[in-house]
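# A closer look at the structure
Residue strings, one per chain:
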Amino acid sequence: MPNEELDIEEIYKISRNLKNIGWLDLTGGEVTTRKDIIDVLKVIISNIKTLLILHITTNGQLPESIFRVVKEIEKFNIILIINVSIDGPKEINDELRGGKDTYIKSTEAFKALKRLKNIYCYLSCTISEYNINHIEQLLRELKHDVTGFSFSDIHFNLFHHSAHFYKNQDISGLSGVDIAKAKKYFNLAKKGNFIKTFLEDKFIKGFDKYSQGNRFPLPCRALKSSCFIDPCGEIYPCGFYDRSIGNLREYDYDLNMLWNTQKAAVVRKSIEEKACLGCWTPCEAYVGILGSIIKSLTM
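Below is a summary of the structure that appears in this document. Not measured: the values here are computed from a predicted model.

Helices and strands together make up the secondary structure of the protein chain, namely 11 helices and 8 strands. For 299 residues, the compact-globule formula gives about 19 Å, and the C-alpha radius of gyration of the protein chain, at 19 Å, lands near that figure. Taken along the three principal axes of its C-alpha coordinates, the protein chain extends 55 × 45 × 40 Å. A burial count over the protein chain gives 49% of its 299 residues as buried. Long-range pairs, those at least 24 residues apart, make up 72% of the contacts in the protein chain between residues at least 6 apart in sequence. Accessible surface, the protein chain: about 15,400 Å² in total, of which carbon and sulfur atoms supply 53%. For the protein chain, the separation between the mean place of its 40 positive charges and that of its 37 negative charges on side chains is 7 Å.

And the structure:
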């Protein structure tokens, strides 16, 4: 059981104990491969009364499935943000994703989701040494293949390592990345609604510091405002710091109980002392950006 994914009853127990959660990210793997994902989402939304934003990342390889899921969930009174992953033009995306027609499926998923009116949907591209020299071609293909495509439709991330999330700790990722070129693409994506442009702008300013060697452009909010729950209930500070504080199954599925343990306090202190490798990825950066604003308003 420790290595088995949480079932829906366990997710019910976890979500009913979550208090003051405003923003929830759901990622994978691929969320739509879980047969009960719609029921899981309904349980989460109904139990977390304070939930304002639900963000779902999909690889877009099951266009009909992700459309069905989002169509079912969009009726709830929350802000729904969907990111469809796409990491290069046709040949490069197939190579990086290890499949055939992956670009076509991702663009099909994106076009279908964009027809829905009650969601925010973006294409999400992770910049790495494997695709940095193919982004221009990707943008040309998107303009050709997606009617009305603009830079407000795309978002760029930066490659990071993670042993417990991506399991990519043994591969290279950024050694061949031209920082100026990466920043150019970040700036291109600074288009769209106010929230997107605001966060993209703050992200770029932090990226300047990060690319110059500052591993912590903003004070980290991991284990203060956010955490990472893996599919089996293990709790990590974030998607990158590979230091578990425990498993929810051992704490009656109560995150608050686990949050206040001595082990959590020790790991939290290690983050304050910058013992982790640091990062600058939207998954954590946006929490830091919003956290710093809230802190300044309450001082």
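Next up on the list: the pairing of strand β4 (residues 119–127). Taking burial as the measure, the 9 residues of β4 include 7 buried ones, the bulk of the element. The pairing of strand β3 (residues 79–85) with β4 spans 6 bridges and is parallel. Opposite I82, over in β4, you have C121 as the bridge partner. Summarising the sheet, β4 and strand β5 (residues 154–158) pair through 5 bridges and their orientation is parallel. Residue pairing in the sheet places L123 in a bridge with I154 of β5. A crossover links β4 with its parallel partner β5, the connecting element being helix α6 (residues 135–145), and its sense is right-handed.

All right, on to helix α10 (residues 262–272) then. Listed as buried for α10 are A264, V267, R268, S270 and I271. The arc that holds every buried residue of α10, seen down its axis, measures 160°, which confines them to one face. Residues of α10 that are buried make contact with α9 (255–259). Residue K274 follows α10 closely and has a positive phi angle near 60°.

Moving on, we come to the sheet that holds strand β7 (residues 234–236). In spatial order, the strands read β6-β7-β8; together these 3 strands make up an open sheet with antiparallel pairing. With partners counted over all chains shown, the strands left at the sheet margins are β6 (228–229) and β8 (246–247), one partner each.

With that out of the way, let us pick up the packing of aromatic side chains. For the coordinates displayed, the defined rule picks out 9 aromatic pairs. Between F165 and F228, the ring centres sit 5.0 Å apart and the planes meet at 50°, which makes this aromatic pair tilted. Of the two residues, F165 is situated in the loop between β5 and α7 (179–188) and F228 in strand β6; the sequence distance between them amounts to 63 residues. Take F165 and F228: they sit in the same class, and that class is buried. Through pairs of rings, three or more aromatic residues link up here, namely F165, Y166, F228, Y236 and F240.

Once that is clear, we can look at the sheet that holds strand β2 (residues 53–58). Spatially, the 5 strands line up as an open sheet ordered β1-β2-β3-β4-β5, and their pairing is parallel. Since the sheet does not close on itself, it has two edges, and those belong to β1 (23–26) and β5, each with one partner. Here the average twist between neighbouring strands, direction ignored, is 25°. The strands touched by helix α3 (residues 63–73) are β2, β3 and β4; relative to β3, the strand with the most contacts, the crossing angle is about 170°.

With that settled, consider a nonpolar patch on the surface. Taken together, the side chains of L96, Y130 and I171 make up a nonpolar region of the molecular surface, amounting to roughly 260 Å² of accessible area. Within the secondary structure, L96 sits in helix α4 (residues 90–97).

This part covers the layout of surface pockets. By volume, the second largest pocket amounts to about 510 Å³. Taken together, 32 residues make up the lining of the second largest pocket; nearest its centre are H160, F240, L277, G278 and C279. Here the lining of the second largest pocket takes 4 residues from helix α11 (residues 282–298), the largest share from any one element. Considered class by class, the residues forming the lining of the second largest pocket number 21 nonpolar, 7 polar and 4 charged.

Where α6 is concerned, the buried positions are I135, L138, L139, E141 and L142. For α6, the angular spread of buried residues about the axis comes to 165°, placing them on one side. Exposed side chains of α6 directed beyond 90 degrees from the buried face belong to R140, K143 and H144. At its buried positions, α6 is contacted by α4, α5 (102–114), β4, β5 and α7.

About the thresholds
- Residues numbered from 1 in each chain as written.
- Predicted model: local features only at pLDDT ≥ 70, side-chain atom pairs only at ≥ 80, totals over all residues.
- Heavy atoms only, no water.
- Helix = DSSP H or I, 4+ residues; strand = E, 2+ residues; numbered from the N terminus.
- Rg over C-alpha atoms; globule rule 2.2 N^0.38 Å.
- Buried < 20%, exposed > 50% of the residue type's maximum accessible area, 1.4 Å probe, protein only.
- Contact = heavy atoms within 4.5 Å.
- Areas by Shrake-Rupley, 256 points an atom, 1.4 Å probe, with all protein chains shown as cover.
- Lys, Arg positive; Asp, Glu negative; His and termini not counted.
- Charge placed at Lys NZ, Arg CZ, Asp CG, Glu CD.
- Pairing = 2+ DSSP bridges.
- Right-handed = clockwise from strand over helix to strand, strands pointing away.
- Arc of directions from axis to C-beta.
- Phe/Tyr/Trp six-rings, centres within 6.5 Å; stacked < 30°, edge-to-face > 60°.
- Axes fitted to C-alpha atoms, helices over the stretch in contact; angles between N-to-C directions.
- Patch = residues over 30% accessible without salt bridge, like charges linked within 9 Å, V, L, I, M, F, W, Y side chains within 5 Å.
- Salt bridge = Lys/Arg side-chain N within 4 Å of Asp/Glu carboxyl O.
- 1 Å grid on protein atoms, 1.4 Å probe; cavity = no way out; pocket = protein on both sides within 12 Å on 5 of 7 lines; lining within 4 Å.
- Points joined across faces, edges and corners; volume = space filled by probe spheres on them.
- Nonpolar A, V, L, I, M, F, W, Y, C, P; charged D, E, K, R; others polar.

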